[in-house]
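This is what each chain is made of:
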Amino acid sequence: MGKDVIIACDFASAEKTFEFLDKFTTRKPFVKIGMELFYAEGPSIVKEIKARGHKIFLDLKLHDIPNTVKKSMAVLSRLDVDMTNLHAAGTITMMEGALEGLTREDGTRPLLIAVTQLTSTDQERMENDLLIKEPIDKVVMHYALNAAKAGLDGVVCSPLEAGKVHDTCGKNFLTVTPGVRFADGDIGDQKRVMTPAEAKKIGSDYIVVGRPITAAEDPVAAYERCIAEFVD
Ligand code: C5P
């Protein structure tokens, strides 16, 4: 499985998304579609972007009872996405159900990635709101290991955790890492960031890059810079 750069298409409408994607005339980037765009435009946005030749990471973070997740994943699989995700907190049984639902009749399926703890959840919130008293990095690794046990392909994590995830879950277990910024770029609201080159060095398999590309003066050049630093 090759390393790749995934652009977070955090736009509110199809119009804005296509205006952005129209700039990419040669190489068609792997794109991430999140809840905002999917809920605004529905499944047609996935089909349209797919028809333009892009790979798609559908970031909907499912979390429900195993049967509901299994059936919903079957629907997402028919949309022919390349990667999708769920919350590892839904348990190993839910993750196994998701894999079953995702697997098509011919045995193929999109990659399935788990969210461990959201980066918006810190130790204090985890202890007070969720009553999880263990250190957060231990919880993240435990959830990653649960995802590996369930047969998932990897986790979303900080590039700073990618090395440890590989040590814990195996080198073929994928790390999909947001929180990427250019050395000379704005950090924005991200706290712990790495450059694409550093993420490559530490072993990230996919970097998810939003604003450093979407808000750049020349998004195609910014994307090519990510590719040059992370992939080539
Ligand atoms: O614009 P930026 O590069 O910060 O975008 C990063 C993308 O990755 C956004 O879509 C954000 O929601 C997502 N993400 C994140 N941190 C996580 C999980 C997902 O930034 N822990």
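Before reading further, recall that the structure is shown in the block above.
Rules used throughout
Residues numbered from 1 in each chain as written. Predicted model: local features only at pLDDT ≥ 70, side-chain atom pairs only at ≥ 80, totals over all residues. Heavy atoms only, no water. Pairing = 2+ DSSP bridges. Helix = DSSP H or I, 4+ residues; strand = E, 2+ residues; numbered from the N terminus. Axes fitted to C-alpha atoms, helices over the stretch in contact; angles between N-to-C directions. Contact = heavy atoms within 4.5 Å. Near = heavy atom within 4 Å. Polar contact = N/O pair within 3.5 Å; in protein donor to acceptor, adjacent residues only side chain to side chain. Areas by Shrake-Rupley, 256 points an atom, 1.4 Å probe, with all protein chains shown as cover. Nonpolar A, V, L, I, M, F, W, Y, C, P; charged D, E, K, R; others polar. Salt bridge = Lys/Arg side-chain N within 4 Å of Asp/Glu carboxyl O. Buried < 20%, exposed > 50% of the residue type's maximum accessible area, 1.4 Å probe, protein only. Core = buried A, V, L, I, M, F, W, Y, C linked by side-chain atoms within 4.5 Å. Disulfide = S-S within 2.5 Å. Arc of directions from axis to C-beta. Parallel < 35°, antiparallel > 145°, perpendicular 65-115°, else oblique. Left-handed = near helix turned anticlockwise from the far one by under 90°.

Draft legend 1. Region of the structure containing the sheet that holds strand S8 (residues 206-209). Read around the barrel, eight strands follow the order S1-S2-S3-S4-S5-S6-S7-S8 and close on themselves; strand pairing throughout is parallel. Across the sheet, the mean angle separating the axes of adjacent strands is 25° when strand polarity is ignored. Where strand S3 (residues 56-62) meets strand S4 (residues 83-87), three bridges bridge the pair, whose relative direction is parallel. When the sheet's bridge partners are listed, Phe-57 is paired in S4 with Met-83. Set on the sheet, helix H11 (residues 219-230) makes contact with strand S1 (4-8) and S8; between it and S1 the angle comes to about 150°.

Draft legend 2. Broad picture of the site of the ligand. Taken together, Ala-8, Asp-10, Lys-32, Thr-119, Pro-178, Arg-181, Gln-190, Val-208, Val-209, Gly-210, Arg-211 and Pro-212 make up all the residues around the ligand. Lys-32 is positioned such that a nitrogen or oxygen atom in its side chain is 2.9 Å from an oxygen atom of the ligand. One of the side-chain N or O atoms of Thr-119 is found 2.9 Å from a nitrogen atom in the ligand. Taken by itself the ligand offers 470 Å² of open surface, and the protein chains cover 80% of this. Every element with two or more residues in the shell around the ligand is listed here: S8 and helix H10 (211-214). A class-by-class count of the residues in the shell around the ligand yields five nonpolar, three polar and four charged.

Draft legend 3. The pattern of salt bridges, seen in detail. This structure, assessed with the given rule, holds 12 salt bridges. Note that Asp-82 and Lys-50 form a salt bridge whose closest N and O atoms lie 2.7 Å from each other. Here Asp-82, found in the loop between helix H4 (66-78) and S4, pairs with Lys-50, found in helix H3 (residues 43-51); they are 32 residues apart in sequence, far enough to count as distant. Judged by its relative accessible area of 21%, Asp-82 falls in the partly exposed class. With relative accessibility at 22%, the residue Lys-50 sits in the partly exposed group.

Draft legend 4. Highlighting the nonpolar core. Residues Val-5, Val-46, Leu-58, Met-73, Leu-86, Leu-152 and Ile-213 are the most contacted members of the largest nonpolar core, which totals 60 residues. Here the element with the most residues in this core is helix H7 (residues 136-150); it accounts for seven residues. Those residues in contact with Val-46, other than ones at most four positions away along the chain, are Ile-33, Phe-38, Ile-56, Leu-58, Leu-79 and Val-81.

Draft legend 5. The state of the cysteines, seen in detail. Scanning the entire structure with this criterion turns up zero disulfides. In this model Cys-9 remains outside any disulfide bridge; the closest cysteine sulfur is found in Cys-226, 13 Å from its own. When its relative accessible area of 1% is taken as the criterion, Cys-9 is described as buried.

Draft legend 6. Geometry of the pairing of S1. Along S1, four of the five residues are buried, which leaves the element largely enclosed by surrounding structure. Alignment of S1 against S8, held across four bridges, turns out to be parallel. Looking at S8, one finds that Val-5 is bridged to Ile-207. Sheet analysis places S1 next to strand S2 (residues 30-34), joined by three bridges and oriented parallel.

Draft legend 7. Looking closely at helix H1 (residues 14-21). Among all positions of H1, only Ala-14, Thr-17, Phe-18, Phe-20 and Leu-21 are buried. End-on view of H1: buried residues confined to an arc of 155°, all on one side of the axis. Buried residues in H1 make contact with S1, S2, helix H2 (35-41), H3, H10 and H11.

Draft legend 8. Examining the packing of helix H5 (residues 92-102) against H7 more closely. Interaxial distance between H5 and H7 falls to 9 Å at its minimum, and their mutual angle equals 45°. Looking at the two axes, H5 sits oblique to H7. By crossing handedness, the relation of H5 to H7 is classed as right-handed. Together, Ile-92, Met-95, Glu-96 and Leu-99 of H5 and Asn-146, Ala-147, Lys-149 and Ala-150 of H7 make up the contact between the two elements.

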